[in-house]
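What the coordinates show
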Number of protein chains: 2
Amino acid sequence: MENVAKLAETRAYQDVETQMRLLGRAARKAARALALSSGPTRDTALHAAASAIRAREADILAANAQDVADAVARGTAGSFIDRLTLNPARVEAMARGLEEIAALPDPLGRVLASFARPNGLRIDRVATPLGVVGVIYESRPNVTADAGGLCLKAGNVAILRGGSESARSTAAIHACLVEGLRAAGLPEAAISLVPTQDRAAVGHMLAGLDGAIDVIVPRGGKSLVARVQHEARVPVFAHLEGLVHIFIDRAADLEKAKTIVLNAKLRRTGICGAAETLLVDRAVAATHLAPLVTMLLDAKCEVRGDSATQAVDARVKPATEEDWRTEYLDAIISAKVVDGIDAAIEHIETYGSHHTDCIITEDKATAERFLSEVDSAIVLHNASTQFADGGEFGFGAEIGIATGRMHARGPVGVEQLTSFKYQVRGDGQVRA
Amino acid sequence: MENVAKLAETRAYQDVETQMRLLGRAARKAARALALSSGPTRDTALHAAASAIRAREADILAANAQDVADAVARGTAGSFIDRLTLNPARVEAMARGLEEIAALPDPLGRVLASFARPNGLRIDRVATPLGVVGVIYESRPNVTADAGGLCLKAGNVAILRGGSESARSTAAIHACLVEGLRAAGLPEAAISLVPTQDRAAVGHMLAGLDGAIDVIVPRGGKSLVARVQHEARVPVFAHLEGLVHIFIDRAADLEKAKTIVLNAKLRRTGICGAAETLLVDRAVAATHLAPLVTMLLDAKCEVRGDSATQAVDARVKPATEEDWRTEYLDAIISAKVVDGIDAAIEHIETYGSHHTDCIITEDKATAERFLSEVDSAIVLHNASTQFADGGEFGFGAEIGIATGRMHARGPVGVEQLTSFKYQVRGDGQVRA
């Protein structure tokens, strides 16, 4: 710890750009060491980090209490304070999360494809680490452990940049991760924390630190993600919003539709997989629309609908064009009657965010058409959109959900944090 | 053809930015249509385009003759003229190339992974198109057919931007591709040619055309690739250079080494998989270095070596630090004696370009270490580095070779031109 203090003192004399460049170089060097490390070694580090988090619970909570006190003193909003606050259960959840990541199969070295050529060459496509992942997040201190642990599992160096409001909590958690790395004999730079709260540091990360950063993962609100997507000079794994649709087809089972819509909209309203727009096929509007809308209203969900939807209940408010483009992340839903699956798909492609969309129908052919034609990262048939989650997909954990079409799409788990290379084994073959 | 002429006239009145924005919008719209098209429909278009190329051979050769005459009049270098020039055999090769692409299996709709969850959900990861691919190339007119055909096969729209020197040839070939699209009932914008030779058009493509372009593929010399990699705001599939190494391990079979080195360096010197640096293990320098160096010198390959290499033959020139960083693309090789596999890997990681690297050894364990530890897109054991090629990998055709770690790495064939989505099939499941 003395060395860390000395290093911090030295750093105070460096400008942000120099600090970040040095951080990038150390990360790139650590990435090479990490790529050569064994899966069990990385798992040892994850377990040791989990133990350190449990052993240092008091330190972490004390640091967090200071962060929270400062935030309260600044008059910060309650929802922000809630995300910032740790308690023994949340600390234990971080430790257990690291152990769960350790228990996942090693994503590196997997043979993704294997083929032999007529000339006798054997070619394997083998999973390798991505390299260095920059993670930019806001108030939740637990992202430190989650993101650091996931990157480590996949053999990637993580460069973590948390919000200034949670700086003390983040540093306390990061110290535990470093303890884990040290216990496994891995370089401490394998999970690096940006040593300054200067906002310019984020700009340097988005520029890629002279090629040291391979990919950026923003974890936070829409404004953070928008800034990152706009400014980044390196690839970004993220989604700007989850403008999630549920389409009730003419062959939908009403009871199934009710159960799924209620869960998809209201189980948790603040997550990206929460439904935001309900589309009902005109062919069953007479029988299905009123029960669904009444159910939502009775469950204290505001409904903003087109004229057909307004007609079924006086409590429905009129929807504006803006509503079709709005991710509420709240107990509000927009609703509209559409002329069958073609109009539903057209609406989704026009207003959607290519994140998660769902069809409720008993007609298999219609379901297959929807699953095939809607161009979203996740398309569901007869299941709640709140399953849009790496844990629910069986990925163990996720660093986020991506809507891009390159490399990672949908939940980004350890597998998506890997790259690959081709290993070619021959016996003297030359090219004709 | 009249409509095309009219359109071209209209375009002359638009500024480059407007032209490019309209092109991008048309491409994005065509991408949606293409994503819904069937594999056989796209193959029909490829076959029809091949027929059109054969039927219009005279037009294509006439257009090309004009391009060549202009280039000769400008005093262009002979190697450039060679790349620019078409003849009946090269026209036939383009047509056959399109038919070979058509014969490849449909890369879309493939189930890449499939898993069931304990709650009964069935989740499939299914291959989908990437979207819109911008291809920027130089003098070779045949890239028009190759790149357009590969993109079409994978359901992607191609926006093609050839060099101004080959503008007439490119337009004549592009007309055949459009004829193929029309024959299959696919939108003509599915393979778009940038309608202006204004250099600003490339800048607009690199900026992504308001999100219309998903990925850029540069096909050409190092300066083109460097500009694209530096300026692009969208992902790029490319390699800047192929600084390819061959390491002769202490357990190398000398005869095998000689055959492979000769082929890897001299079969064709101008391709990215050609070897540029020979590393010889000090343990076998006494027996292996002289025969390899003499063989290369006798085959008219210039050798630039360290002092140990210079000592074996008076014809060896001294290598400078710059030589270890140079991709010659010519009958020149740099050569060095290294202290075993560790020093070899250190040299490759320090000076290499992560493209293709090779070890010659009869020791399996050493080979496996090299294949595992060298972080290049393609790592070979006992085979010529000139196998770094999509066709040789069995991919049928390639749009290029990528050294990035994201999404596409190594030869980029139709499979690497796809993305994926998750299709989730349920029976009323909701999240607890």
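Residues numbered from 1 in each chain as written. Chains lettered and ligands numbered in written order. Predicted model: local features only at pLDDT ≥ 70, side-chain atom pairs only at ≥ 80, totals over all residues.

1. Topic: the overall build of chain A
Condition: Here a helix means four or more residues in a row that DSSP labels H or I, a strand means two or more in a row labelled E, and each is numbered from the N terminus. The quantity called the radius of gyration is restricted to C-alpha atoms. Its globule counterpart is 2.2 Å times the number of residues to the power 0.38. Residue burial is a threshold on neighbouring C-beta atoms within 10 Å of the residue's own C-beta, all placed from the backbone, with 20 or more meaning buried, 12 or fewer meaning exposed, and counts in between meaning partly exposed. Each residue gets a C-beta atom placed from its backbone, and two residues are in contact if those atoms lie within 7 Å.
Counting secondary structure elements, chain A contains 16 helices and 16 strands. By the compact-globule yardstick of 22 Å for 432 residues, chain A fits well, its C-alpha radius of gyration being 24 Å. Projecting the C-alpha coordinates of chain A onto the three principal axes gives extents of approximately 75 × 70 × 35 Å. Out of the 432 residues in chain A, the part that is buried amounts to 53%. In chain A, once contacts between residues fewer than 6 apart in sequence are set aside, the share between residues at least 24 apart is 72%.

2. Points about the relation of the copies chain B and chain A
Comparison of the two chain copies shows a relationship of rotation about an axis with a shift along it. Heads up, the condition is: When the copies are superposed, the least-squares fit draws on C-alpha atoms of residues that have pLDDT of at least 70 in both.
Note on the identical chains: chain B maps onto chain A by a rotation of 180° and an axial translation of 0.0 Å, with an RMSD of 0.0 Å. On this basis, the relationship between the two copies can be described by a two-fold rotation axis. Rotation axis and chain B: the residue whose C-alpha lies nearest the axis is His407 of chain B, separated from it by 2.0 Å. Mapped onto chain A, 100% of the interface residues of chain B again fall at the interface, so both copies present the same surface.

3. Re the packing of helix α3 (residues 39-55) of chain B against helix α8 (residues 167-183) of chain B
Residues and elements named next belong to chain B. Counted only if it meets this: Helix axes are fitted to C-alpha atoms over the stretch in contact, other axes to C-alpha atoms as well, and angles between N-to-C directions run from 0 to 180 degrees. What sets the label is the angle itself: under 35 degrees gives roughly parallel, over 145 gives roughly antiparallel, 65 to 115 gives roughly perpendicular, and the rest give oblique. By convention, the crossing between two helices is left-handed when the near helix turns anticlockwise from the far helix through less than a right angle, and right-handed when the turn is clockwise.
Put simply, α3 and α8 touch, their axes get as near as 7 Å, and they point 140° apart. By the angle between their axes, α3 is oblique relative to α8. Relative to α8, α3 is oriented so that their crossing is right-handed. Where α3 abuts α8, its residues Thr44, Ala45, Leu46, Ala48, Ala49, Ala52 and Ile53 lie against Ile173, Cys176, Leu177, Glu179, Gly180, Leu181 and Ala183.

4. Considering the interface of chain B and chain A
Often, the extent of an interface is quoted as the loss of accessible area on bringing the components together. For the record, the criterion: Any residue that is not Ala, Val, Leu, Ile, Met, Phe, Trp, Tyr, Cys, Pro, Asp, Glu, Lys or Arg is counted as polar, Gly included; the first ten are nonpolar and the last four charged.
Contact with chain B, which involves 54 residues of that partner, is made by 54 residues of chain A. For the side of chain B that touches chain A, the secondary-structure elements that each account for two or more residues are α2 (16-36), β2 (122-129), α11 (254-266), α15 (364-373), β13 (378-383) and β16 (418-429) of chain B. Residue contributions to the side of chain B that touches chain A peak at 11 residues, all from β16 of chain B. Tallied by class, residues from the side of chain B that touches chain A come to 22 nonpolar, 17 polar and 15 charged.

5. Digging into unusual backbone geometry
For His407 of chain A, which is not a glycine, the phi torsion comes out positive at approximately 65°. The residue His407 of chain A is located in the loop between β14 (401-402) and β15 (410-411) in this model. You can call His407 of chain A buried: it has 22 C-beta atoms within 10 Å. One non-glycine residue, Asn382 of chain B, adopts positive backbone phi at about 55°. The residue Asn382 of chain B is located in strand β13 in this model.

6. Some details on the pairing of strand β8 (residues 275-281) of chain A
All names here are of chain A. Short version of the rule: When DSSP locates at least two bridges between a pair of strands, those strands are taken to pair.
In terms of burial, β8 is largely enclosed, as seven of its seven residues are buried. Bridge count between strand β7 (residues 244-248) and β8: five bridges; the pairing is parallel. In the sheet register, Phe247 faces β8, and the bridge partner there is Leu279. Of the pairings in the sheet, the one linking β8 to strand β11 (residues 332-338) comprises five bridges and is parallel in character. Residue pairing across strands places Thr277 opposite Ser334, the latter belonging to β11.

7. Here we look at the environment of Glu349 of chain A
Looking at the element boundaries, Glu349 of chain A is found in helix α15 (residues 340-351). Residue classification places Glu349 of chain A among the partly exposed positions, given that 15 C-beta atoms sit within 10 Å. Setting aside anything within four residues of it in sequence, one finds Glu349 of chain A in contact with Asp375 of chain A together with Arg32 of chain B.

8. Notes on the sheet that holds strand β16 (residues 418-429) of chain A
Strand order in the open sheet made by the 10 strands is β1(A)-β2(A)-β16(A)-β13(B)-β12(B)-β7(B)-β8(B)-β11(B)-β9(B)-β10(B), with mixed pairing throughout. Strand pairing shows two members of the sheet lacking a second neighbour, β1 (111-116) of chain A together with β10 (317-318) of chain B, which therefore form its edges. Bridge count between strand β12 (residues 356-360) of chain B and β13 of chain B: four bridges; the pairing is parallel. In the sheet register, Ile359 of chain B faces β13 of chain B, and the bridge partner there is His381 of chain B. Relative to β13 of chain B, α15 of chain B is tilted by about 160°, and along the sheet it contacts β16 of chain A together with β7 (244-248), β12 and β13 of chain B.

9. So, the packing of helix α7 (residues 143-153) of chain B against α8 of chain B
All names here are of chain B. Axis separation between α7 and α8 bottoms out at 9 Å; the angle between their running directions is 30°. The handedness of the crossing between α7 and α8 comes out as right-handed. On α8, the residues touching Thr144, Ala145 and Gly148 of α7 are Thr170, Ile173, His174 and Leu177. Here the residues of the contact of α7 with α8 are counted per class, giving three nonpolar, four polar and no charged.

10. Examining the environment of Ile246 of chain B
Residue and element names in this part refer to chain B. Relative to the helices and strands, Ile246 resides in strand β7. We classify Ile246 as buried; it has 28 C-beta atoms within 10 Å. Those residues in contact with Ile246 that lie beyond four places of it in its chain are Val261, Ala264, Ala275, Leu278, Cys358, Ile360 and Thr385.

11. Section: the nonpolar core
Selection criterion: The term nonpolar core refers to a set of buried Ala, Val, Leu, Ile, Met, Phe, Trp, Tyr and Cys residues connected through C-beta atoms within 7 Å.
Counting residues in hydrophobic clusters, the biggest one holds 263 residues, and the most contacted among them are Ile53 and Val157 of chain A together with Ile53 and Val157 of chain B. Beyond its immediate sequence surroundings of up to four residues, Val157 of chain A is in contact with Ala27, Ala30, Ala31, Leu34, Val132, Cys151, Ala189, Ala190 and Ser192 of chain A.

12. Details of the pairing of strand β13 (residues 378-383) of chain A
The cut-off we apply is this: A crossover gets the label right-handed when its path from the first strand over the helix to the second runs clockwise, viewed with the strands pointing away from the viewer.
Where burial is concerned, most of β13 of chain A is hidden: six out of the six residues are buried. Each parallel crossover has a hand, and the one from strand β12 (residues 356-360) of chain A via helix α16 (residues 364-373) of chain A to β13 of chain A is right-handed. Relative to β16 of chain B, β13 of chain A runs parallel, the two being bridged by five bridges. Counted as the bridge partner of Leu380 of chain A is Val424 of chain B from β16 of chain B.

13. Examining the domain arrangement of chain A
Using the following cut-off: Delimitation of the domains relies on an automatic or database domain assignment.
Splitting chain A by domain gives domain 1 (2-231) and domain 2 (244-392). Taking the mean C-alpha position of each, domain 1 of chain A and domain 2 of chain A sit 37 Å from one another.

14. Brief notes about the confidence of the model for chain A
It should be kept in mind that the predicted coordinates are not to be read in detail where pLDDT is low. The line we're drawing: pLDDT measures the predictor's confidence residue by residue and takes values from 0 up to 100.
Averaged over every residue, the pLDDT of chain A is 94; the share at 70 or more is 97%. Scoring the predicted complex yields pTM 0.91 and, for the interface, ipTM 0.91.

15. Some details on helix α8 (residues 167-183) of chain A
Residue and element names in this part refer to chain A. Put simply, the test is: One less than the residue count of a helix, multiplied by 1.5 Å, gives the span that helix is expected to have.
Here α8 spans 24 Å end to end across 17 residues, near enough to the 24 Å set by a 1.5 Å rise per residue. Among the residues making up α8, those that are buried are Ser169, Thr170, Ala172, Ile173, His174, Cys176, Leu177, Val178, Gly180 and Leu181. Looking at the buried positions of α8, the neighbouring elements they touch are α3 (39-55), α4 (57-73), α6 (88-103), α7 (143-153), β4 (157-161) and β5 (191-193).

16. Some words on the environment of Ala189 of chain A
Residue and element names in this part refer to chain A. Residue placement: Ala189 occurs in the loop between α8 and β5. Residues Ala189 and Lys256, 67 residues apart in the sequence, show an inter-C-alpha distance of 51 Å. When residues no more than four places from it in sequence are discounted, the contact partners of Ala189 are Ala26, Ala27, Lys29, Ala30 and Val157.

17. A short note on α4 of chain A
Residue and element names in this part refer to chain A. Note the cut-off: This arc is taken over the directions from the axis of the helix to the C-beta atoms.
End to end, α4 covers 24 Å across 17 residues, agreeing with the expected 24 Å (1.5 Å per residue, within 8%). Turning to α4, its buried residues number three or more, namely Ile60, Ala63, Asn64, Asp67 and Val68. Buried residues along α4 cover an arc of 140° about the axis, so they all sit on one side. For α4, the exposed residues lying more than 90 degrees away from the buried face are Ala58, Ala69 and Ala73. Along its buried surface, α4 packs onto α3, α5 (78-84), α6 and α8. A positive phi of about 75° marks Gly75, the residue just after α4.

18. Digging into the sheet that holds strand β6 (residues 215-219) of chain A
All names here are of chain A. The strand order β5-β4-β3-β6 describes an open sheet built from four strands, whose pairing is parallel. Whereas interior strands pair on both sides, the edge strands pair on one side only; in this sheet they are β5 and β6. Direction aside, the axes of adjacent strands within the sheet are offset by 20° on average. As paired strands, strand β3 (residues 132-137) and β4 are joined by five bridges and run parallel to one another. Following the sheet pairing, Gly134 is matched in β4 by Ile159. Relative to β4, α7 is tilted by about 160°, and along the sheet it contacts β3, β4, β5 and β6.

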